[in-house]
Every structure is written in C-alpha cells, then in structure tokens.
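Survey of secondary and tertiary structure
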Amino acid sequence: MKKRFWLGTTLVLAVALSQPLAAGSASGSASGSASGSNDKSPGDPTSWQRDLLAWRAQRATKLQGPEGWLSLIALGWLKEGDNSFGSAGDCRVQIAGKGPAHIAIVRLENGALRLLPPAEGFPKDLLVDGQPAKQQTLLADDADQPSKLTIGTLTIIVIHRDDQFALRVKDLQAPTRVAFHGLRWYTPNATYRVHARWIPYNPPKMLDIPTVLGTTTHLPAPGVAEFTLDGQVLRLEPVLEDPKSTELFFIMRDTTSKTTTYGAGRFLYSEFPDHGVSQPGELWLDFNRLINPPCAFTAYATCPLPPPQNRLSAPIPAGEQRYHD
C-alpha cells in the first residue's frame, strides 16, 4: 500500500487543494510511482506497452525487496502499558523462531511510545536507526522520520492505524519472500485505458472505508471519476491517502474478483485530473495497472476494503491477477 494510508484527513485535504491545477508527471514510471504515465493519451501503443511492462517488472522487484510486503512475518497489536517482544512464548508480540527470546519492551502511554530494555538488557546487536539501542522515544510510521529497529535479519517498526499501535516485523529470510514466484497479469489491453470525466465535490466529502481489521476509517473523497466501458457508464470515488501525494487512490472491486482476481478487491493510482481535484476536468484511468493489495500476499497487512459505491457490477479483466489460486 502506498506510504502512510491512515493520516489526518484535514491535512490531506489542505495539501491536496493547494496543488497546482495541472499535476505534473514527476511521479512517472522511472520513479516507481503506481500511476506512472497513465495520465497521458494512448499515443504510440508500442511505447505504452513497453512502459507498462517495465512498470510491472518494477512492481515485482519492489514486492520482493528487503522491506517489501513479502518480507512480513509478524504483526502484534500493543496494549496500554508494557509490551514485550521476542521469540519467547511469554512475549506480548511473539516473533516465532527468530531472534532472541526477549528483544525489548515498548511502553505505550497515552499515545506516546518508549523503548525499554528487557530484564536481561538489550541484545548487543539491536539497533535503533542504526545506533545501539537505549531507552528512548519511538516514532510510529505516520511520523516524518519513523523509528526503525533492526536485529539480525529482522526489521521492526511501529505502525499507527486509527487509534491503535502495532509492531510490524519484516525478515530478509521470510518464507513468502524466498518463495516468491512472480506475479500474474492480464495481457495489456488498451481498451481498459479509459478517458474519464472528473466531477469535483465542493466541498469534498468523507468516505467510510472498511478495513480487514473490522474497523472503519474516514478519508476525504475530493470528487468522482466517470467513464464509459463496454457501453456502460461507471463511476469510482477515489480518496486521498497522503498529505504530499499528487495521486488519487482508488480502492475498488469488479466482478472478476469472483474468478481471476483477488477476492477482496484491487487498488489503482492515478495522477490528479488536468485541472486539479477542486475543478471539473479529465483524467486517464489505466486499469492495466490495477494491483493487488498487500493482503493478497501476507496475513500481516492492514488493508482498506472497497466502499460499496466502488464495487462495480461489471468485469474489468485487466491488471494484476490472483497471486494464490
């Protein structure tokens, strides 16, 4: 999932509405952006397909990267007070079969996080932001510079989701990373690269976004994209997930989820419309760049689910297919 999905909605709106009217293409495929150049007209089909295939290869590489989604091996929610973590069975957050029995303790008090040593002291090779561990404040992943703990092949961060905190653990030797067998895609098809009309909401409205945690979060929807596919007029409402983003985030599902694509839905990123999010305009939606959410690869992700209005009754046989049969 992109960056920090669960951030304050007021700041998201303020930054988004201050963007230039025509969002540039600085986040093109060379930078690893999910949208790449999908705001451009089809142009040379050979060039378009070449760019798409390069972007798809880059996505696979990123997934299998040292800290990609395939490296996750544990996720443990923190309670108020002291939370021990390590491989021992008595740890609040157990990292089965990896690392020392007791690595450290995270104390959670009224939203503040502090790292404390276990009874036997910090392991000598435990580092926080590259420095030997000590009693210190920890910053979650919604901070400008979140804290990163490393020990052996493990990387541990604190994530903040709504009103909850959790430890997320990644491992260079995670079975899911080592056994990665590549991604499956539909053949590129220009039919599913559509020109959409942008209809802004003034003022923007808040969407209720369900999550795999069984919770609901609220994120701003600056407008709706309307397009025609196979003779049917369809609409999708994107949200803004990051204060600094120049992309729209579509959390959606179509009828292929019953057969060839991930059952819970897929994600699509698109650059801002040509006149920004607050004015009527146009944008390109390239469904060849539909991707699976992290939950398609690991049980330790915290994914948003499509709101009812983004669950299309039409098939979109484009983009990424199911990872697991």
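This structure is a prediction, so every number in the text was calculated from the model and none was measured.

Reading the values: rules and limits
Residues numbered from 1 in each chain as written. Predicted model: local features only at pLDDT ≥ 70, side-chain atom pairs only at ≥ 80, totals over all residues. Heavy atoms only, no water. Helix = DSSP H or I, 4+ residues; strand = E, 2+ residues; numbered from the N terminus. Buried < 20%, exposed > 50% of the residue type's maximum accessible area, 1.4 Å probe, protein only. Contact = heavy atoms within 4.5 Å. Pairing = 2+ DSSP bridges. pLDDT = per-residue confidence, 0-100. Polar contact = N/O pair within 3.5 Å; in protein donor to acceptor, adjacent residues only side chain to side chain. Axes fitted to C-alpha atoms, helices over the stretch in contact; angles between N-to-C directions.

The helix and strand inventory of the protein chain stands at three helices and 17 strands. Counting over 325 residues, the protein chain shows a buried share of 51%. Sequence-distant contacts, at least 24 apart, represent 64% of the contacts inside the protein chain between residues at least 6 apart.

Right, let's get into the pairing of strand β16 (residues 266-271). Among the six residues that make up β16, six are buried, leaving the element largely enclosed by the rest of the structure. The side-chain alternation of β16 yields two buried faces, one formed by Arg-266, Leu-268 and Ser-270 and the other by Phe-267, Tyr-269 and Glu-271. Alignment of strand β15 (residues 247-252) against β16, held across six bridges, turns out to be antiparallel. Residue pairing in the sheet places Ile-251 in a bridge with Phe-267 of β16.

Another aspect to go through is the confidence of the model for the protein chain. Looking at the protein chain, pLDDT values average 88 and 86% of them are 70 or higher. Per-residue pLDDT stays below 50 along residues 1-39; that stretch engages in 114 contacts with residues further than four places along the chain or on separate chains.

The linkage connecting Asn-202 with the following residue, Pro-203, adopts the cis geometry, with an omega of 0°. Mapped onto the elements, Pro-203 comes out in strand β12 (residues 193-210). Of note in the backbone geometry, Asp-129 takes a positive phi value of approximately 55° without being a glycine. Looking at the element boundaries, Asp-129 is found in the loop between β6 (127-128) and β7 (131-132). Judged by relative accessible area, which is 46%, Asp-129 ranks as partly exposed. Unusually for a residue other than glycine, Asp-230 sits at a positive phi of about 55°. When you line up the elements, Asp-230 lands in the loop between β13 (216-229) and β14 (232-236). Among the residues examined, Asp-230 registers a relative accessible area of 63% and is labelled exposed.

Its place among the elements puts Thr-211 in the loop between β12 and β13. The exposure class assigned to Thr-211 is buried, which follows from its relative accessible area of 6%. A polar atom in the side chain of Thr-211 sits 2.8 Å from the side chain of Thr-215.

Further remarks concern the sheet that holds β14. Strand order in the open sheet formed by four strands is β14-β13-β12-β17, and the pairing between neighbours is antiparallel. Strand pairing shows two members of the sheet lacking a second neighbour, β14 and β17 (281-286), which therefore form its edges. The mean inter-strand angle of the sheet, taken between neighbouring strand axes irrespective of direction, is 40°. Sheet analysis places β12 next to β17, joined by six bridges and oriented antiparallel. If you follow Ala-196 over to β17, its bridge partner there is Leu-283.

On to the pairing of β12, then. In the sheet, β12 pairs with β13 via 10 bridges, with the strands oriented antiparallel. Paired with Pro-210 across the bridge in β13 is Thr-216. In this antiparallel pair of consecutive strands, β12 and β13, the connection spans five residues, and Gly-214 shows a positive phi of 85°.

A relative accessible area of 68% places Pro-203 in the exposed class. Counting along the chain gives 19 residues from Pro-203 to Pro-222, while the straight-line C-alpha distance between them is 7.8 Å.

Attention now moves to the environment of Val-106. Considering the arrangement of structural elements, one finds Val-106 in strand β4 (residues 104-109). The residues contacting Val-106, other than those within four sequence positions of it, are Leu-78, Gly-81, Asp-82, Asn-83, Phe-85, Leu-113, Arg-114, Leu-115, Leu-138 and Leu-167.

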